[in-house]
Every structure is written in C-alpha cells, then in structure tokens.
Amino acid sequence: MGASESTATELVVLTGISGSGKSTALHALEDAGYFCVDNLPGPMLETLLTLADDHPRMSRVAIVTDVREASHFPDVARHIQAAIDADRAMRVLFLDASDDRIITRFKETRRAHPLITMGVVETLGEAVEHERESLRPLRALASTVVNTTGLSVHELKRRVKALFPADHLDEMPIHVTSFGFRHGIPPEADFVFDVRYLPNPYFVEELRDGTGLDEEVASYVFEATATQKVLSHIDALIFDVLPLARHEGKPSLTVAIGCTGGHHRSVAVSEALHKLLIDRGERTLVAHRDIGR
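Computed from a predicted structure; not experimentally measured. (Residues numbered from 1 in each chain as written. Predicted model: local features only at pLDDT ≥ 70, side-chain atom pairs only at ≥ 80, totals over all residues. Heavy atoms only, no water.)

Digging into the sheet that holds strand E8 (residues 253-259)
Next up, step 1: Here we have four strands laid out as an open sheet, ordered E7-E8-E6-E9, and parallel in their pairing. Edge positions in the sheet fall to strand E7 (191-194) and strand E9 (284-288), since each of these pairs with one other strand and no more. For this sheet the average axis-to-axis angle between neighbouring strands, irrespective of direction, equals 20°.
Next up, step 2: Where strand E6 (residues 174-180) and E9 come together, five bridges link them in parallel fashion. (Pairing = 2+ DSSP bridges. Helix = DSSP H or I, 4+ residues; strand = E, 2+ residues; numbered from the N terminus. Axes fitted to C-alpha atoms, helices over the stretch in contact; angles between N-to-C directions.)

Right under this line is the structure:
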C-alpha cells in the first residue's frame, strides 16, 4: 500500500496491562466517534484498515490489542510496526499502572487475569510480571503512555478524550423530548420537568384537537407569564449544567418535559427550549414521544 493511500483512516491502537483501564478508554474513544474493535488479532489489522479505507464512516478506527493477542500471535507488534512503516495516520496508546494497583483491581472485580484463565501462570503476581515482559515490544511502539494508578474511571475518560477529541467541538448532543405523564416518564431522561400546572389548551374547544406544534396552541400556552418564567428557569439550569456534564464526560444530555397527555403544553415548551439552545449554538435534537397517541 502506497503512502498516498495510507492516510485515509486514522488508527488508534490501544494496548497495555490488564486492569489498567483499556475497556474504559475504549468506551471513551467510541464516544469520540471511533469505530472500535476489541481483541483484534494482529494478522487481521491490515484487513480491517483496508476495509475502513473503503468506508467513509470508518474514517477513525480504534483497536485493542494486548496480552491475549500477544500470547496467540507473538508477532503482533510486527503488524503494528508494518502499519507505522506504511505511513498510516496512527497512534499507539499504552495504559499502565503499578503492580499493587493492578492486583487490587483484579481482587475488587473478582475477575481472573487472562493469563491465569489461559493456564499460562497460577498467581496474580506471576501474571503481571509475565504480562509486562510479553507487552514490552508493544510498549516500545507507544506514542503515548498513560499511568492510571491514581486515576478514577471518569478521570481516565477525560484524559483519553483530551488526547483524542471528537471530530466536532460539541461532542455532547442535547436531546429535548416532550411526553405525557399518563404514558410514563422517559427512562433515558437526565432531567424531568413537569409543566402540568401551566394553562391547558385541552380545555379550549378550538385548540383541543391541535398540538403544541400549532402556532395558536403555542401562543396560548405562552400567553401566561408563568410559562415564560418556567422556560427561563429550565434554560438557565441547562446552561449551568452543560459545562459540568461535559467535564464529567457524558456522551449526551436528555431533557424531558411532561404534561398530562404529551400533546399541548409539553410540546410547546420543548419546542421553545429547543429554539433557545439552537440559537446558542448547541447541538440539539427535539422529539415528541406521545404526540401521536
């Protein structure tokens, strides 16, 4: 493969000591828009990259390769080196942690070390020592080494996202959805706001069969000063929460606004909140779960 063809796919090779946080890091890469493959055998790397080059939606690929592959395919580092030599746009991220912390994590999760499961060694101490030796060639290829000994799960996610940011600046979309309480609260909601105490168009005969998407219905709901105040308070809270949610590494934020049936008030308020967020430049989607019921 020539150098002119080899820059189509951006590749991240995630490797490191078992228990150092590779699963957490892989989830962070997935949130950042990478096509992720765990436990990929080294000989299949070039096949995956060739496939990715032909599919625009696979422009960013992340794979995990570790002691599992190194045990079955001792030359896994050679396949990675071949991709580097072919001028692939790639980075190798190696995660590490102290022996004591690795052993503690395995004890806390009550999971067996892969080398013990495979029958290579019998104790955790032997497993960590053997694994470090097996992964020495992979560590030598690393462009970045992150020691996770003192990192929490959330801190590791933030570190990985800082190293491999999403394609778009705003990586956390906001989902605004209206709903009717009689049909249940949306289980995916991060915030739930009740607007059943606002003026109800259902009791206005000429508005009853409409929805909050109709200008007449929305105007009726927002004629009340209370509606405008409620919308302002909801918007202010979301404005304050967004930077905190992004710092925490949330992949998205769902705001659910409910009235009795999900046809009038909740729809009108959701639409108005959506417009405010869009006007501020937030990546926002709006949906009305129960408007057709």
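Topic: the packing of aromatic side chains
Next up, step 1: Here the structure, examined in full by the defined rule, presents four aromatic pairs.
Next up, step 2: With centroids separated by 6.4 Å and ring planes inclined at 90°, the aromatic side chains of Tyr34 and Phe164 adopt a geometry described as edge-to-face. Of this pair, Tyr34 sits in the loop between helix H1 (22-31) and strand E2 (35-37) while Phe164 is found in the loop between helix H9 (153-163) and E6, placing the two residues 130 residues apart along the sequence.
Next up, step 3: Taking relative accessible area as the criterion, Tyr34 reaches 4% and is therefore assigned buried.
Next up, step 4: Sitting over the face of the ring of Tyr202, Arg208 holds its NZ or CZ atom 4.8 Å from the ring centroid. (Phe/Tyr/Trp six-rings, centres within 6.5 Å; stacked < 30°, edge-to-face > 60°. Buried < 20%, exposed > 50% of the residue type's maximum accessible area, 1.4 Å probe, protein only. Lys NZ or Arg CZ within 6 Å of the ring centre and 35° of its normal.)

Digging into the pairing of strand E5 (residues 144-147)
Next up, step 1: Only one face of E5 is buried, namely the one carrying Thr144 and Val146, since none of Val145 and Asn147 on the opposite face is buried.
Next up, step 2: Where strand E4 (residues 89-96) and E5 come together, four bridges link them in parallel fashion. What sits directly across from Leu93, in E5, is Thr144.

Describing H1
Structurally, the α-helix is built with 3.6 residues per turn, so residues lying three or four positions apart point the same way.
Next up, step 1: Taken together, the buried positions of H1 are Lys22, Thr24, Ala25, Leu26, Ala28 and Leu29.
Next up, step 2: For H1, the secondary structure elements touched by its buried residues are strand E1 (10-16), E2, strand E3 (60-64), E4 and H9.
Next up, step 3: Gly33, located one to two residues past H1, shows a positive phi value of around 100°. (Contact = heavy atoms within 4.5 Å.)

Some words on the sheet that holds E1
The strands that make up a sheet are held in pairs by hydrogen bonds between backbone atoms, and each pair lies either parallel or antiparallel.
Next up, step 1: The five strands are arranged E2-E3-E1-E4-E5 in an open sheet whose pairing can be described as parallel. Edge positions in the open sheet fall to E2 and E5, since each of these has one partner strand only. In this sheet, neighbouring strand axes are inclined to one another by 20° on average, regardless of whether the strands run parallel or antiparallel.
Next up, step 2: The sheet contact formed by E1 and E3 spans five bridges and is parallel. Considered in E3, the bridge of Glu10 is made with Arg60.
Next up, step 3: Here helix H2 (residues 45-53) sits on the sheet in contact with E1, E2 and E3, set at roughly 160° to E3.

Topic: the pattern of salt bridges
Next up, step 1: Evaluation of the coordinates by the stated rule reveals 17 salt bridges.
Next up, step 2: Asp31 is paired through a salt bridge with Lys161; the nearest N and O atoms lie 3.9 Å apart. Of this pair, Asp31 sits in helix H1 while Lys161 sits in helix H9; the two residues are 130 residues apart in sequence, bridging distant segments of the chain.
Next up, step 3: For Asp96, the salt bridge goes to Arg132, with nearest N and O atoms at 2.8 Å. Placement of Asp96 in strand E4 and of Arg132 in helix H7 (residues 124-134) is noted, with a sequence separation of 36 residues between them.
Next up, step 4: Connected through salt bridges with shared partners, the residues Asp96, Asp99, Arg132 and Arg139 form a single ionic network. (Salt bridge = Lys/Arg side-chain N within 4 Å of Asp/Glu carboxyl O.)

Things to note about the confidence of the model for the protein
Next up, step 1: Per-residue confidence for the protein averages 88 on the pLDDT scale, and 94% of its residues sit at or above 70.
Next up, step 2: Mean pLDDT across the elements of the protein bottoms out in helix H3 (residues 67-72) (64) and peaks in E7 (98).
Next up, step 3: Within the model, the stretch residues 1-7 combines pLDDT values under 50 with 13 contacts to residues more than four positions away or in other chains. (pLDDT = per-residue confidence, 0-100.)

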